[in-house]
Amino acid sequence: MKKTLVIYWSGTGNTEAMAGAVLEGMKAAGADAALLTPDQVTPASLSGVSSVAMGCPAMGSEVLEEMEFQPMFDSIKNQMGGKAVGLFGSFGWGDGEWMRSWEKDCDDAGINRVCDSITCCEAPDDDVLAACQAMGRKLAE
Ligand SMILES: Cc1cc2nc3c(=O)[nH]c(=O)nc-3n(C[C@H](O)[C@H](O)[C@H](O)COP(=O)(O)O)c2cc1C
């Protein structure tokens, strides 16, 4: 059974709803899948994990959430080699710049992004939740 993770930060629940749908997809595909917030992530969390979905909304000025998520991401980004990764998150008024920057940061760190990133404006609708479930299934393949 594949071991997978969803790691997310959410202030008002929009990215949390996306994370829940990714987790559902992983479980539906038979993975041993867990949902973690940044405070729950340690280097040991990644041990034996083959795929990781990470979710964070656009915060600050088109950046990741800076108090919890960004430090957690910085602490693990060099341990993601060999893992399949997907990114997701909600935004409000921008054009998705935060996600493009995050993708570049991942690519520069050699992280293997295997799915198109999923973004949505504010709360995810049914189509977005279905796409999140599909991301989870793909990461559990
Ligand atoms: C402090 C703060 C900064 C934000 N900065 C941005 C931003 O730079 N660009 C953007 O599109 N949305 C921005 N937003 C809007 C959030 O990304 C949006 O409300 C999102 O749905 C929140 O997701 P969450 O419910 O998972 O916390 C910001 C929201 C807050 C509270």
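Just so you know, these numbers come straight off a predicted model, no measurement behind them.

Chemist: Now, about the environment of Ala-131: what can you tell me, with residues and values included?
Modeler: Counting through the fold element by element, Ala-131 comes out in helix H4 (residues 126-140). Take Ala-131: its relative accessible area is 32%, and that puts it in the partly exposed class. Residues Ala-131 and Ser-47, spaced 84 residues apart in sequence, show a C-alpha to C-alpha distance of 27 Å.

Chemist: Now, about the pattern of salt bridges: what can you tell me, with residues and values included?
Modeler: Counted under the stated rule, the structure contains six salt bridges. Arg-100 serves as the salt-bridge partner of Asp-95, at 3.3 Å between the closest nitrogen and oxygen. On the accessibility criterion, Asp-95 (53% relative accessible area) is exposed. A network of salt bridges, in which partner residues are shared, links Asp-74, Lys-77 and Asp-105.

Chemist: Explain helix H2 (residues 69-76) to me, and be specific about the residues and the numbers.
Modeler: Turning to H2, its buried residues are Phe-69, Met-72, Phe-73 and Ile-76. For H2, the arc enclosing every buried residue in end-on projection is 100°, short of the 170-degree limit, so these residues lie on one face. Structurally, H2 contributes buried residues whose contacts are with strand S1 (3-8), strand S3 (51-55) and helix H3 (97-108).

Chemist: Describe in detail the UniProt feature "domain: Flavodoxin-like" (unreviewed entry) in the chain, supporting the description with residues and values.
Modeler: Per the UniProt entry, the sites bearing "domain: Flavodoxin-like" (unreviewed entry) are residues 4-140 in this numbering. As a span, residues 4-140 carries 36% helix and 21% strand, and end to end its C-alpha atoms are 7 Å apart.

Definitions and limits used
Chains are numbered independently. Their residues run from 1 in the order of the written sequence. The predicted origin of the model limits local features to residues at a pLDDT of at least 70 and limits the giving and counting of side-chain atom pairs to 80 or more, whereas totals for whole chains, interfaces and linings rest on all residues. Heavy atoms throughout the structure, all of them, feed into the side-chain values; hydrogens and water do not. Under the DSSP-based scheme used, a helix requires at least four consecutive residues in state H or I and a strand at least two consecutive residues in state E, with every element numbered from the N terminus. Buried, partly exposed and exposed residues are distinguished by accessible area as a fraction of the type maximum, computed with a 1.4 Å probe on protein chains only: under 20%, between the cut-offs, and over 50%, respectively. Whenever a carboxyl oxygen of Asp or Glu lies within 4 Å of a side-chain nitrogen of Lys or Arg, that contact is scored as a salt bridge. Starting at the helix axis, one direction is taken to each C-beta atom, and the arc is that of these directions. Here, residues are in contact when the closest pair of their heavy atoms is within 4.5 Å. UniProt positions are given in the numbering used here, feature names are shortened, and annotations may be inferred rather than shown by experiment.

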